[in-house]
Amino acid sequence: MRIARFAHAGGMSFGVVEGDQSPTIAELDGHPFGRLTFTGQRWALADVRLLAPMLPSKIVCVGRNYADHARELGNDVPTEPLLFLKPSTTIIGPNDAISLPPQSQQVEHEAELAIVIGLPGARRVDRAEAEKAIFGYSIANDVTARDLQKKDVQFTRAKGFDSFCPFGPWIETELDWRDLEVRCEVNDEVRQLGRTKDMVFDVPTLVSYVSHVMTLLPGDVILTGTPAGVSELNAGDSVTVSIEGLGALTNKVVELV
């Protein structure tokens, strides 16, 4: 099931996206956690604006979780998950603009599978309980000011600018994450191409590991790392992250004004 958050003439709602050829979105009454209740309202997907599908309390990211990406930046593969955080204010939705900050001269894309935590959250869970805590999966772009990352050593500033986490277009609640193609195209040129089977630490391992560090609340997001091929974004670019079974997430790149 594809759960989306969208803007329409009457405001903002959650809904279920149905169909592929001429998709529609059926409005939900309230939040999608728990039992789903429909209002009876339905729109053509083309007639609404998709928003980031969730507004998490935190975005937990996993660094160097693909060996080829670790090597391309001259880093060793971690022996345990390398965690950092992006603030919730980095979140933007489909077709929103990634803004290039004046502090950086090297902003890069990072295509990633996103895990969305459901009810009741996760605190110190094992692998089996970790899988039960997952609400679904989505697409994210862990936009990074690479020059600031190298300069600062720690990741907060490089990862934390407003608009540095495109997220969407929806949450798929039924997905086999074990071997999916992860692709990033910039202006229709393929820059990244990998598969989730090559993650160093898999999905339940990551959820369990994070939950032993911090409590994961419903709606929180974990970004699972990026394959090799990260490269620079420039104003005027169009960047699309696509993941098999999830669709595509496209954003324009603009100078911050």
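Everything here concerns the structure above.
Rules behind the numbers
Residues numbered from 1 in each chain as written. Predicted model: local features only at pLDDT ≥ 70, side-chain atom pairs only at ≥ 80, totals over all residues. Heavy atoms only, no water. Buried < 20%, exposed > 50% of the residue type's maximum accessible area, 1.4 Å probe, protein only. Helix = DSSP H or I, 4+ residues; strand = E, 2+ residues; numbered from the N terminus. Pairing = 2+ DSSP bridges. Salt bridge = Lys/Arg side-chain N within 4 Å of Asp/Glu carboxyl O.

Caption draft 1: Local environment of the pairing of strand S15 (residues 181-186). Of the two faces of S15, only the one carrying Val 182, Cys 184 and Val 186 is buried; Glu 181, Arg 183 and Glu 185 on the other face are not. Bridge analysis of S15 against strand S16 (residues 189-195) gives six bridges, and the strand direction is antiparallel. When the sheet's bridge partners are listed, Glu 181 is paired in S16 with Arg 195. Linking S15 back to S16 in an antiparallel pair, the connection comprises two residues, with Asn 187 at a positive phi of about 50 degrees. Inspection of the sheet shows S15 paired to strand S18 (residues 238-243) by five bridges, in the antiparallel sense. Note on S18: the bridge partner recorded for Glu 185 is Thr 240.

Caption draft 2: Geometry of the pattern of salt bridges. In this structure the tally under the stated criterion is 19 salt bridges. Residue Lys 132 is joined to Glu 129 by a salt bridge in which the shortest nitrogen-to-oxygen separation is 3.5 Å. You can see Lys 132 and its partner Glu 129 sitting in helix H2 (residues 127-132), three residues apart, about one turn around the helix. Taking the shortest distance from any N to any O, the salt bridge between Arg 195 and Asp 179 comes out at 2.6 Å.

Caption draft 3: Looking closely at the pairing of strand S12 (residues 134-141). Most of S12 is tucked away, with eight of its eight residues classed as buried. As defined by bridge partners, strand S11 (residues 111-117) adjoins S12 across seven bridges and the pair is classed as antiparallel. If you follow Ile 115 over to S12, its bridge partner there is Tyr 137. Two elements, S12 and strand S14 (residues 165-172), share three bridges in a ladder whose sense is antiparallel. Within the sheet, the bridge partner assigned to Tyr 137 lies in S14 and is Glu 172.

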